[in-house]
Each structure stands twice: as C-alpha cells, then as structure tokens.
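Examination of the molecular architecture
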Amino acid sequence: MSLLEINNVCKHFKIGNELISVLEDITLTVDKGELVCLLGVSGCGKTTLLRLISGLENPTSGQILINGSKYKIKNKTVNMVFQEPRLFPWLSVKENISFGLKGNYDAELINYKVDEMLNKLGLSSYKNEMPYKLSGGLAQRVAVARALVTEPELLLLDEPFSALDSITKKSIIEDLLILWKSLDFTIIHVTHNVDEAIMLAQKIIVLKYRNSDTEFFDANLAYPRSPESDCFKELKSKIIKSY
Ligand SMILES: Nc1ncnc2c1ncn2[C@@H]1O[C@H](COP(=O)(O)OP(=O)(O)O)[C@@H](O)[C@H]1O
Ligand SMILES: [Mg+2]
C-alpha cells in the first residue's frame with residue numbers, strides 16, 4: 001500500500017465572481033520512504049497540492065488517502081515546512097523545536113529528542129538564541145528541526161530553501177539527505193529549481209501549469225549528485241523539455 005494516494009483531485013477557488021480551477025484531476029501515489037520532488041512554474045498549484053495533502057485545505061473533489069485512510073490533522077502523520085520559517089518569535093530555538101512535543105512526552109524525553117535534533121541539524125550552539133538573531137539558513141534549519149522532531153511519516157517541504165544563497169542551500173540539502181537516510185520518513189519537496197530537485201529526489205513529478213498534467217521522472221543517480229555529471233545534465237534537459 002502506498003503511503004500517499006491522491007485520486008482524481010480537483011481544487012477550485014472562488015475569486016470575486018470567478019471560479020478558478022487550480023488543480024484538475026490529479027492522481028499520483030507516493031510510497032513509504034520515498035523522496036519525491038514536485039516541480040513546476042510559479043502559480044501551477046504546488047503549494048495548493050501540499051496544503052491539500054497536509055489537511056490545511058479540502059479538495060473540491062477527489063480523495064487524498066494517507067496509509068489508506070483519510071488524513072486527520074490530529075494524528076500528526078504529516079508535518080510541513082513553509083517557504084518562510086514561521087518560527088514563534090517569542091520562543092528560543094530550543095523552545096520552538098520542543099513546541100509540538102509538549103503534552104505528548106515527559107520533559108526529560110522532550111529534552112533528549114530536541115537535543116538530538118539540534119545536534120543533527122548543527123544547531124546545538126544556537127539553542128538558546130531567539131529567532132530574530134538567526135540568519136535565513138539557520139532559521140530554516142530550526143523550522144526543519146521543529147517539523148522532524150515530531151517524527152512525521154511524511155514531511156512536506158514547500159520551497160523552504162528558495163530564498164537561501166546557493167552555498168547555504170547546498171549544506172542544508174546535504175544534511176537533509178543524511179537525515180532522510182538515517183530516519184525512516186518520506187519527503188515531498190516542492191521547488192521550482194530543477195537542479196535542486198535532481199540533487200535530492202528519487203522521483204520527480206512535474207506539475208504543468210493550467211491543465212494540471214503530471215509527468216514523472218525517475219532520478220536513479222547515486223548520491224551525492226553532481227550537476228557536472230553527464231547523467232545529471234541528461235535528466236535536467238529531459239525535465240526542462242517537459243515543462
Ligand atoms: N486560498 C486561495 N484563494 C484563491 N486563490 C488561491 C488560493 N490559494 C491559491 N490560489 C491561487 O491558486 C494558484 C496556484 O497557487 P499556488 O498553489 O500557490 O501555486 P505555486 O505554489 O505553484 O506557485 C494561484 O493562481 C493562486 O493565486
Ligand atoms: Mg508555492
């Protein structure tokens with residue numbers, strides 16, 4: 001059974017008197033443990049699709065199943081990281097990361113889990129800092145830590161690294177790959193950057209603008225991947241042609 005099943009999903013929005021169709025008849029599956037990138041131009045509906053998967057929005061029609069059943073936000077199977085870090089400005093790094101664990105575990109276990117995640121994301125020395133002091137890259141690391149510490153089965157990443165410089169982005173992507181290999185979770189990473197998708201993904205889904213057609217690419221290259229390699233360039237040119 002797939003972890004995620006999206007069956008004939010449509011999403012329409014009403015703006016003024018106009019009904020706009022953002023997603024039309026999307027069907028796709030994601031298996032447990034996969035690292036999938038969803039690519040597409042701005043406005044094609046990538047964020048809308050993630051919001052539907054996370055349960056923040058309901059589809060106009062069609063069905064989204066997680067582990068075979070309709071997802072309910074309270075079961076914490078899914079967690080999402082947004083384009084902006086959205087940290088709580090009044091809480092320290094450590095308090096931000098522990099926020100979602102409060103009430104579910106005792107204080108000692110929360111401390112242990114948070115310290116482990118701080119360490120895995122290279123944040124230990126910033127744990128008592130307030131968010132306003134953090135660079136964009138560090139703030140997004142905290143946002144990723146806050147999502148992962150709750151041990152979601154499915155992590156949704158909505159272009160969280162798009163505002164970062166290329167060196168900072170590369171280092172976060174490398175750490176994310178290490179985490180994905182060592183912990184048992186599934187990722188759907190949204191980006192409009194083809195290189196970023198090929199650096200990360202096992203499977204790439206291109207979502208087309210307007211008609212919501214989807215095209216799938218297997219990215220079976222060994223990690224770590226180099227944009228200079230022939231297979232990287234070949235896959236990139238195939239993906240760009242599909243837009
Ligand atoms: N809540 C909403 N109400 C009305 N229109 C929306 C809403 N959310 C998204 N849209 C529209 O849906 C389209 C796709 O948006 P989005 O999913 O954010 O695209 P992407 O993430 O691919 O850039 C855009 O035209 C956007 O204006
Ligand atoms: Mg978006």
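Shown above is the structure to which this text applies.
Below or above, wherever it landed, is the structure these notes cover. Just so it is clear, the model here is predicted, and its values are computed rather than measured.

Examining the pattern of salt bridges
On inspection of all chains with the given rule, the structure shows 14 salt bridges. For aspartate 184, the salt bridge is made with lysine 32, and the minimal N-O distance between the two is 3.8 Å. Here lysine 32 lies in the loop between β2 (18–30) and β3 (35–39) and aspartate 184 lies in the loop between α5 (166–182) and β8 (186–191), a separation of 152 residues in the sequence. Here aspartate 184 falls in the exposed class, since its relative accessible area comes to 63%. Glutamate 57 is the salt-bridge partner of arginine 51, the closest N and O atoms lying 3.3 Å from each other. By relative accessible area, which is 26% here, arginine 51 ends up partly exposed. When its relative accessible area of 22% is taken as the criterion, glutamate 57 is described as partly exposed.

Let's talk about unusual backbone geometry
Backbone torsion omega between tyrosine 223 and proline 224 reads -10°, so that peptide bond is classified as cis. Of note, proline 224 is situated in the loop between β10 (214–218) and α7 (230–242). Although it is not a glycine, asparagine 8 adopts a positive phi angle of roughly 50°. Assignment of secondary structure puts asparagine 8 in strand β1 (residues 4–15).

Considerations on the site of ligand 1
Lining the immediate environment of ligand 1, one finds Phe13, Ile15, Val22, Val41, Ser42, Gly43, Cys44, Gly45, Lys46, Thr47 and Thr48. One nitrogen or oxygen atom from the main chain of lysine 46 is found 2.9 Å from an oxygen atom belonging to ligand 1. The contact in question runs from an oxygen atom of ligand 1 to an N or O atom on the side chain of threonine 47, over 2.8 Å. The protein chains hide 61% of the 560 Å² of surface that ligand 1 would expose on its own. For the shell around ligand 1, the secondary structure elements donating two or more residues are β1 and α1 (46–54). Element by element, the count of residues in the shell around ligand 1 is highest for α1, at three residues. Class assignment of the residues belonging to the shell around ligand 1 gives a composition of five nonpolar, five polar and one charged.

What counts and what doesn't
Residues numbered from 1 in each chain as written. Chains lettered and ligands numbered in written order. Predicted model: local features only at pLDDT ≥ 70, side-chain atom pairs only at ≥ 80, totals over all residues. Heavy atoms only, no water. Salt bridge = Lys/Arg side-chain N within 4 Å of Asp/Glu carboxyl O. Helix = DSSP H or I, 4+ residues; strand = E, 2+ residues; numbered from the N terminus. Buried < 20%, exposed > 50% of the residue type's maximum accessible area, 1.4 Å probe, protein only. Near = heavy atom within 4 Å. Polar contact = N/O pair within 3.5 Å; in protein donor to acceptor, adjacent residues only side chain to side chain. Areas by Shrake-Rupley, 256 points an atom, 1.4 Å probe, with all protein chains shown as cover. Nonpolar A, V, L, I, M, F, W, Y, C, P; charged D, E, K, R; others polar.

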